[in-house]
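Remarks on the overall topology
Listed below, chain by chain, are the residues.
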Amino acid sequence: MPPIDRSDRSAGRAEHALLADLQPVVEANLHRHLGVAKEWFPHEYIPWSEGRTFDGPLGGEPWTPDEATLPEVARTSLVVNLLTEDNLPGYHFAVAEFGKDGAWGTWVDRWTAEEARHGTALRDYLLATRAVDPRALERARMTHMEGGYDRPDGYSALHAIAYAAFQELATRISHRNTGVVSGEPRCDALLARIAADENLHMVFYRNLVEAAFELAPDTAMEVVRDVVVGFEMPGSTIKDFGRKSAEIAIAGIYDLRLHHDSVVMPILRRLRVFEREGFGAPGEAAREELAAFVRRLDTKATSFTDRREGIRAARAQREVMAV
């Protein structure tokens, strides 16, 4: 996406006003979330008895690669997901900037607390099971967090909300499929628990976008178009993210087909973006652009799926020849 022009925040001020109009919806969905969210404890999902002291000041055992028993792609996905969660301070600032009063402020703090729990659980699991090199993991965390987080929304509250709706669903799918690919029941159970939280977060943000269509249809349509067309996962700044995301896609954890079929289209259908009436010229133009992009995305997803089969077949052949 092109760099954000931070010199003009008039649109952002208008979005602050829209968020104020959405406060009753925020409050209703906050109460809904608190009523259905289940309390859970990360420590209950960690096999602590498998943990051992690492080398260092306490004189433990150094980590060795043979201790990494999970499939390599599952470990890659777990680390990417964890590093994404680690940048939570940046995400918190991005949404808290729109106000800390009332229901929105309460939601921001609650959402942040729940997301922080995910990072705690993932890191504890990886270290207790000695699934990854702890030094490399800490260095990756430092590098990623030092890079900060730059919001792609031009200081738009509604853009941040719409982005979160799509991103939370994408994250839920990535966590869930990583657990399955891991082949490890405890990892799978932990990631299923985290994915359940992400789904509730998605519902919260999606419901706000749905309400925005009733208050400001043209603005909502333009925002949804911008989010879908320019979508990137918040972990895209992780070192070697391109290579890692390619491996994750080849494994079927998260790819273009899943993005189109399980993230973009379900939310667009729920929002009824292609059935709604009452748009002005800007909204109609945005809808046409969105429809064209979604068609291209579908084509690219099919093309990727076909290429992936060839990649998998070639890898299987190389493994047979190596035996």
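Residues numbered from 1 in each chain as written. Predicted model: local features only at pLDDT ≥ 70, side-chain atom pairs only at ≥ 80, totals over all residues. Heavy atoms only, no water.

Brief notes about the overall build of the protein chain
The helix and strand tally for the protein chain stands at 12 helices and zero strands. Counted from the first residue to the last, the protein chain has its helices and strands arranged as α-α-α-α-α-α-α-α-α-α-α-α. At 21 Å, the protein chain has a C-alpha radius of gyration in line with the 20 Å of a compact globule built from 323 residues. For the protein chain, buried positions account for 48% of its 323 residues. A sequence separation of at least 24 residues applies to 82% of the contacts in the protein chain between residues at least 6 apart. (Helix = DSSP H or I, 4+ residues; strand = E, 2+ residues; numbered from the N terminus. Rg over C-alpha atoms; globule rule 2.2 N^0.38 Å. Buried < 20%, exposed > 50% of the residue type's maximum accessible area, 1.4 Å probe, protein only. Contact = heavy atoms within 4.5 Å.)

Considerations on the nonpolar core
Ranked by size, the top nonpolar core spans 83 residues in total, and within it W104, F166, Y205, F213, V224 and L268 carry the most contacts. In terms of residue count, the dominant contributor to this core is helix α8 (residues 185–215) (13 residues). Once you skip the residues sitting within four places of it in the chain, Y205 turns out to touch W104, W107, W111, I161, A164, A165 and E168. (Core = buried A, V, L, I, M, F, W, Y, C linked by side-chain atoms within 4.5 Å.)

Structural notes on the pattern of salt bridges
Under the definition given, this model contains 21 salt bridges. Here R130 makes a salt bridge to E67, at a shortest N to O gap of 2.5 Å. Remark: E67 occurs in the loop between α2 (23–36) and α3 (72–86) and R130 occurs in the loop between α5 (102–128) and α6 (134–146); sequence separation between them is 63 residues. For the pair R130 and E67, a shared accessibility class is recorded, and that class is buried. (Salt bridge = Lys/Arg side-chain N within 4 Å of Asp/Glu carboxyl O.)

Things to note about the confidence of the model for the protein chain
Looking at the protein chain as a whole, the pLDDT averages 89, with 91% of positions reaching at least 70. Contacts from residues 1–10, a stretch scored under 50 in pLDDT, to residues over four places away or in other chains number 11 contacts. (pLDDT = per-residue confidence, 0-100.)

A few points about helix α10 (residues 241–250)
Along α10, the residues that are buried comprise F241, K244, I248, A249 and I250. One or two residues past the end of α10 sits G252, with phi positive at roughly 80°.

Regarding helix α11 (residues 256–271)
With 16 residues, α11 should reach 22 Å at 1.5 Å per residue; the first-to-last C-alpha distance of 21 Å fits that figure. The largest bend along α11 reaches roughly 35° and is located at M265, with the proline P266 sitting one to four residues downstream. Those residues of α11 that fall on the buried side of the exposure criterion are R257, L258, H259, H260, V263, V264, M265, I267, L268 and L271. In this structure D255 caps α11, since a side-chain oxygen of it lies 3.0 Å from the backbone nitrogen of R257. (Expected span 1.5 Å × (residues − 1). Bend = angle between axes of the 7 residues up to and from the residue. Polar contact = N/O pair within 3.5 Å; in protein donor to acceptor, adjacent residues only side chain to side chain.)

As for the packing of α2 against α8
The interhelical angle for the contact between α2 and α8, taken along N-to-C directions, is 160°, at an axis separation of 10 Å. One element, α2, and the other, α8, form an angle in the roughly antiparallel class. In this structure, the crossing between α2 and α8 has a hand that is right-handed. Contacts from V25, V26, N29, L30, R32, H33 and V36 in α2 reach L200, H201, V203, F204, N207, L208 and A211 in α8. Each residue belonging to the contact of α2 with α8 can be placed in one class, and the counts come to nine nonpolar, four polar and one charged. (Axes fitted to C-alpha atoms, helices over the stretch in contact; angles between N-to-C directions. Parallel < 35°, antiparallel > 145°, perpendicular 65-115°, else oblique. Left-handed = near helix turned anticlockwise from the far one by under 90°. Nonpolar A, V, L, I, M, F, W, Y, C, P; charged D, E, K, R; others polar.)

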